[in-house]
Amino acid sequence: MVTLRYFTDADVSLLREKRYVDMRPCEVEEMIRKWNEKKVNGRDFEMFAVCDGENVVGMISLYRQTADTVSVGPEIFHDCRRRGYGTLAMRAAMDAARDRGYKIAFAQIRTDNAASIALHEALGFASNGQVFTNARGNPVVFYLRSLI
């Protein structure tokens with residue numbers, strides 16, 4: 001079973017080990033503090049730790065795009081992949097999004113990320129296949145799914 005919770009300062013070492021290896025502890029603490037403000041660029045944002053019991057196996061975000069639409073961004077840590085955590089985390093995050101009143105889940109997925117594309121399609125996300133270049137210069141495809 002997977003649960004979602006907010007990150008705390010107790011997660012600094014884990015985040016530095018698993019994801020933010022080049023950041024100093026104080027930088028990770030500041031990042032967690034900003035996440036827990038639950039706003040980015042004036043829009044609602046939540047970053048959750050994906051937990052299997054007491055073990056953090058990844059992270060997933062909800063970021064409001066419009067009043068009805070939220071982007072869902074999962075990342076399962078490399079050594080925890082291929083165990084079903086992505087599917088369970090996405091389901092839990094979509095439930096949380098639905099509880100917050102969102103009607104549409106949105107994902108921007110790099111075209112070379114076959115695992116994420118397969119995950120989203122298995123969860124009922126659909127795309128028209130049109131490729132865009134994101135702000136980081138990567139080719140991406142947009143996926144959508146109704147939450148109602």
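In this report, we go over the structure that sits alongside the text. Source: prediction; values computed, not measured.

### Brief notes about the environment of arginine 19
Now for step 1: Secondary-structure assignment places arginine 19 in the loop between helix 1 (12-18) and helix 2 (25-35).
Now for step 2: The exposure class assigned to arginine 19 is partly exposed, which follows from its relative accessible area of 35%.
Now for step 3: Measuring from C-alpha to C-alpha, the distance between arginine 19 and glycine 58 comes to 9.2 Å, with 39 residues separating the pair along the chain.
Now for step 4: Discounting residues that sit within four places of it in the chain, arginine 19 has contacts with Leu14, Met59, Glu75 and Phe77.
Now for step 5: Only 2.8 Å separates the side chain of arginine 19 from the side chain of glutamate 75, close enough to count as a polar contact.

### Let's talk about the pairing of strand 5 (residues 69-76)
Now for step 1: Two elements, strand 4 (residues 55-64) and strand 5, share 7 bridges in a ladder whose sense is antiparallel. Looking across to strand 5, one finds that isoleucine 60 is bridged to proline 74.
Now for step 2: Taking the residues between adjacent antiparallel strands as the criterion, strand 4 and strand 5 are bridged by 4 residues.
Now for step 3: Note that strand 5 and strand 6 (residues 104-110) share 3 bridges and pair parallel. Within strand 6, the position partnered with valine 70 by the bridge is alanine 105.

### Section: the layout of surface pockets
Now for step 1: The space that makes up the largest pocket amounts to roughly 1,800 Å³.
Now for step 2: Mapped by element, the contributors of at least two residues to the lining of the largest pocket are helix 2, strand 2 (39-40), strand 3 (43-52), strand 4, strand 5, helix 3 (85-99), strand 6 and helix 4 (114-122).
Now for step 3: Its residues placed into classes, the lining of the largest pocket shows 22 nonpolar, 13 polar and 11 charged.

### Topic: the pattern of salt bridges
Now for step 1: Going through the model one piece at a time under the given rule, you end up with 12 salt bridges.
Now for step 2: Notably, a salt bridge pairs lysine 18 with aspartate 79, separated by 2.5 Å at the nearest N-O pair. Within this pair, whereas lysine 18 is found in helix 1, its partner aspartate 79 is found in the loop between strand 5 and helix 3, the two being separated by 61 residues in sequence.
Now for step 3: Between arginine 64 and aspartate 44 there is a salt bridge; the shortest N-O distance is 3.8 Å. Highlighted residues: arginine 64 in strand 4 and aspartate 44 in strand 3, separated in sequence by 20 residues.
Now for step 4: The class for arginine 64 is partly exposed, based on a relative accessible area of 23%.
Now for step 5: A residue is classified by how much of its surface remains accessible, and aspartate 44, at 31% relative accessible area, is partly exposed.
Now for step 6: Within this structure, Glu17, Lys18 and Asp79 form a network of salt bridges that share partners.

Definitions and limits used
- Residues numbered from 1 in each chain as written.
- Predicted model: local features only at pLDDT ≥ 70, side-chain atom pairs only at ≥ 80, totals over all residues.
- Heavy atoms only, no water.
- Helix = DSSP H or I, 4+ residues; strand = E, 2+ residues; numbered from the N terminus.
- Buried < 20%, exposed > 50% of the residue type's maximum accessible area, 1.4 Å probe, protein only.
- Contact = heavy atoms within 4.5 Å.
- Polar contact = N/O pair within 3.5 Å; in protein donor to acceptor, adjacent residues only side chain to side chain.
- Pairing = 2+ DSSP bridges.
- 1 Å grid on protein atoms, 1.4 Å probe; cavity = no way out; pocket = protein on both sides within 12 Å on 5 of 7 lines; lining within 4 Å.
- Points joined across faces, edges and corners; volume = space filled by probe spheres on them.
- Nonpolar A, V, L, I, M, F, W, Y, C, P; charged D, E, K, R; others polar.
- Salt bridge = Lys/Arg side-chain N within 4 Å of Asp/Glu carboxyl O.

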